[in-house]
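Descriptive analysis of the structure
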Amino acid sequence: MKVLVVGGGGREHALCWKIALSPLVKRVYCAPGNGGIAGVAECVDVAANDVAGLVRFAKAEAIDLTVVGPEEPLCLGLVDAMRAASLRVLGPDQSAAEIEGSKAYAREVCRRNRIPSPGFWVFNDSSKAHAFLENRQEGPIVVKASGLAAGKGVTMARTRAEARTAVDEMMDQARFGAAGRTVVLEEFLEGSECSVIHLTDGKTFAPFEPARDHKRVFDRDQGPNTGGMGAVSPVPGLGKRTLRQIEDQILFPAVNGLNREGRVFRGFLYAGCMLTATGPRLLEFNCRLGDPETQPILMRLSSDLVPLLLHAADGTLEQCEAPVFDSRTAVCVVAASGGYPGEYQKGCLIHGLDQVRGGPDLQVFHSGTARRGGDLVTTGGRVLSVCALGKSVEEARSRAYTELAKIEFQGIHYRRDIGA
Ligand code: AMP
Ligand code: GLY
């Protein structure tokens, strides 16, 4: 069969790599892909948010299954358009994708289904948000643009003054465009984070292993938030009991609640959780796999991914064997461009990839790379990641860092404490 993966980051590279290993698959395409994906799939020059172009391509090539990586096409209705064209596709439709597309809506789902959450308040009017802040005790609060803001729409305000500035920027200065027209204020929670991402067809769940993403740019969680500087799976210290709680109190009620509204979620549902002293609480839902969490999770997946994707797309997940995972640990370290997550240079030559020892226990997944003639150059803030399996976190870390040290490009930087 022919599979099309939509997107062009590290997550999509890992998806293409894993899908290409399936004996069911003859050909993998990726739209638009990147310089690394070109090694495992045929890259197609169609943007991930070009809904009409993707449907046209899938029709013309008689694609048997399309797998959608990023949130933007899901929220734009790519799945609805593919289904209307009688194409098989894995991902939530536009109505179910709203659980990520609107943080205000996601919090309403939490409220209606008693999903453990921080206290939250939704505002469509900046003067009301300011009045609320005025009447509240001085102290930290989280300010979130409700709409999609590529992971940049969250401000952790330490003081009321910082919260006011964030509200102004989002609501009055439209820093995130329409995404900031509605703002969600949230109680600031403390604890450690984990991402639990399960595949579902709206009735049955295929549980995937949890992961932890490292969002801050510098070691010891210093500096600004990024798209993710690395990830580890399983999550050190996350026990079975807490995982059950996340399933029973967060993931299952969310999917059941969506069902009751006539929104059937088919795809990967991502619960970003804070593990607090009083139990796990939901920070955000994503309607897709995480990046970079996908990289270590798929490194650990022993089962063929493709039957799971097909059954979830068809709504027959109960007929599929549950996924089996390698008990070893996978650590994924992201190498970024100089200056990222701020301004950064593109087009830098990447050296040393030929020195990296490959194999089933070590993979390099590309995020922002392109081939230029015989060379590989940087095209994004997150450039590539090295992902290694090991019998312990220490072994996986040491393997990933040993290989990463062989790779060079101008301005390269990465965290030294992923998984530590
Ligand atoms: P989100 O996109 O909503 O997951 O927020 C991005 C990041 O901001 C999360 O991964 C957390 O590190 C942090 N964050 C979000 N909401 C809260 C909260 N209510 N309390 C503390 N930290 C939060
Ligand atoms: N790693 C967080 C995300 O994919 O949104």
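Structure report, in brief. Computed from a predicted structure; not experimentally measured.

Let us now look at the overall build of the chain. Of regular secondary structure, the chain possesses twelve helices and 22 strands. Over its C-alpha atoms the chain spans a radius of gyration of 21 Å, differing by no more than 12% from the 22 Å that the globule rule assigns to 420 residues. Along the longest, intermediate and shortest principal axes, the C-alpha atoms of the chain span 60 × 45 × 40 Å. Every one of the 420 residues in the chain was classed for burial, and the buried ones make up 59%. Here the chain has roughly 17,100 Å² of accessible surface; of this, 48% comes from carbon and sulfur atoms. The positive charge centre, built from 49 side chains, and the negative charge centre, built from 49, are 2 Å apart in the chain.

On to the nonpolar core. Ranked by internal contacts, the top residues of the largest apolar core, which has 50 residues, are I99 and F285. The residues touching I99, leaving out its near neighbours within four places in the chain, are Y105, A106, V109, L258, F265, L269, F285 and C287. By size, the runner-up hydrophobic cluster in this structure holds 42 residues, among which are V5, A211, L309 and L310.

Near ligand 2 you find D213, G227, Y270, N286, R288, G290, D291 and E293, and these make up its full shell. Take R288: an N or O atom from its side chain is 2.9 Å from an oxygen atom of ligand 2. For ligand 2, a nitrogen atom lies 2.7 Å from a polar atom in the side chain of E293. Taken together, the residues of the shell around ligand 2 break down into one nonpolar, three polar and four charged.

We now examine the sheet that holds strand β8 (residues 154-157). One open sheet accounts for four strands, arranged β6-β9-β7-β8; its pairing is antiparallel. If you trace the sheet from one side to the other, it starts and ends with β6 (120-123) and β8, each paired once. With direction set aside, neighbouring strand axes in the sheet form an average angle of 20°. Strand direction decides the pairing type here: β6 and strand β9 (residues 183-187), joined by four bridges, are antiparallel. Within the sheet, the bridge partner assigned to W121 lies in β9 and is L185. Along the sheet, helix α8 (residues 160-172) contacts β6, β7 (141-145), β8 and β9; its crossing angle with β7, the most-contacted strand, is approximately 5°.

All right, on to the side chain of E12 then. Mapping E12 onto the fold places it in helix α1 (residues 10-20). The contacts of E12, once residues within four sequence positions are left out, are V5, V6, G7, C30, I37, G69 and P70.

A separate point is helix α12 (residues 393-404). Its twelve residues place the ends of α12 16 Å apart at the C-alpha level, agreeing with the 16 Å of an ideal helix rising 1.5 Å per residue. When α12 is considered as a whole, its buried residues turn out to be V393, A396, R397, A400, Y401, E403 and L404. In a view along the axis of α12, the buried residues occupy a sector of 165°, so they form one face of it. Close packing links the buried residues of α12 with β18 (329-336), β19 (362-366) and β22 (382-390).

If you walk through the whole model with that rule in mind, you get 31 salt bridges. Sharing partners across several salt bridges, the network here consists of D326, R328, D361, K391, E395 and R399.

Let us now look at the sheet that holds strand β16 (residues 267-276). On the basis of which strands lie adjacent, the open sheet formed by four strands has the order β11-β10-β16-β17 and antiparallel pairing. Edge strands, defined here as strands with exactly one partner in the open sheet, are β11 (205-207) and β17 (279-286). Between one strand axis and the next, the sheet turns through 35° on average, direction left out of account. With three bridges connecting them, strand β10 (residues 192-200) and β11 associate as antiparallel partners. For H198, the partnering residue across the bridge sits in β11 and is P207.

Now for the site of ligand 1. The environment of ligand 1 is made up of 15 residues, and the closest members are K144, L189, E193, K215 and E284. A distance of 2.9 Å separates a nitrogen atom of ligand 1 from a polar atom in the backbone of L189. Within the side chain of K215, a nitrogen or oxygen atom sits 2.9 Å from an oxygen atom of ligand 1. If ligand 1 stood free it would expose 470 Å²; the protein chains cover 94% of that surface. Within the residue set of the shell around ligand 1, elements represented by two or more residues are β7, β8, β9 and β17. Split into classes, the residues belonging to the shell around ligand 1 amount to eight nonpolar, no polar and seven charged.

Of the residues making up helix α7 (residues 126-134), those classed as buried are S126, A129, H130, F132 and L133. Each buried residue of α7 sits inside an arc of 160° when the element is viewed along its axis, so together they form one side. Looking at the buried residues of α7, the elements they touch are β6, β7, α8 and β9.

Position of Y29 relative to the elements: it lies in strand β2 (residues 27-32). Residue classification places Y29 among the buried positions, given a relative accessible area of 1%. Taking the C-alpha atoms as reference, Y29 lies 5.2 Å from A41; in sequence the two are twelve residues apart. Leaving out residues up to four positions away in the same chain, Y29 has contacts with K2, V3, L4, V5, A41, E42, V44, F57, E61 and I63. Only 3.4 Å separates the side chain of Y29 from the side chain of R27, close enough to count as a polar contact.

Attention shifts here to the environment of M171. In this structure, M171 sits in helix α8. Look at M171 and you get buried, because its relative accessible area is 14%. Expressed as a C-alpha distance, the spacing of M171 and R181, which sit ten residues apart in the sequence, is 5.2 Å. Ignoring anything within four residues of it in the chain, the contact list for M171 reads F123, N124, D125, S126, A129, G180, R181 and V183.

What counts and what doesn't
Residues numbered from 1 in each chain as written. Chains lettered and ligands numbered in written order. Predicted model: local features only at pLDDT ≥ 70, side-chain atom pairs only at ≥ 80, totals over all residues. Heavy atoms only, no water. Helix = DSSP H or I, 4+ residues; strand = E, 2+ residues; numbered from the N terminus. Rg over C-alpha atoms; globule rule 2.2 N^0.38 Å. Buried < 20%, exposed > 50% of the residue type's maximum accessible area, 1.4 Å probe, protein only. Areas by Shrake-Rupley, 256 points an atom, 1.4 Å probe, with all protein chains shown as cover. Lys, Arg positive; Asp, Glu negative; His and termini not counted. Charge placed at Lys NZ, Arg CZ, Asp CG, Glu CD. Core = buried A, V, L, I, M, F, W, Y, C linked by side-chain atoms within 4.5 Å. Contact = heavy atoms within 4.5 Å. Near = heavy atom within 4 Å. Polar contact = N/O pair within 3.5 Å; in protein donor to acceptor, adjacent residues only side chain to side chain. Nonpolar A, V, L, I, M, F, W, Y, C, P; charged D, E, K, R; others polar. Pairing = 2+ DSSP bridges. Axes fitted to C-alpha atoms, helices over the stretch in contact; angles between N-to-C directions. Expected span 1.5 Å × (residues − 1). Arc of directions from axis to C-beta. Salt bridge = Lys/Arg side-chain N within 4 Å of Asp/Glu carboxyl O.

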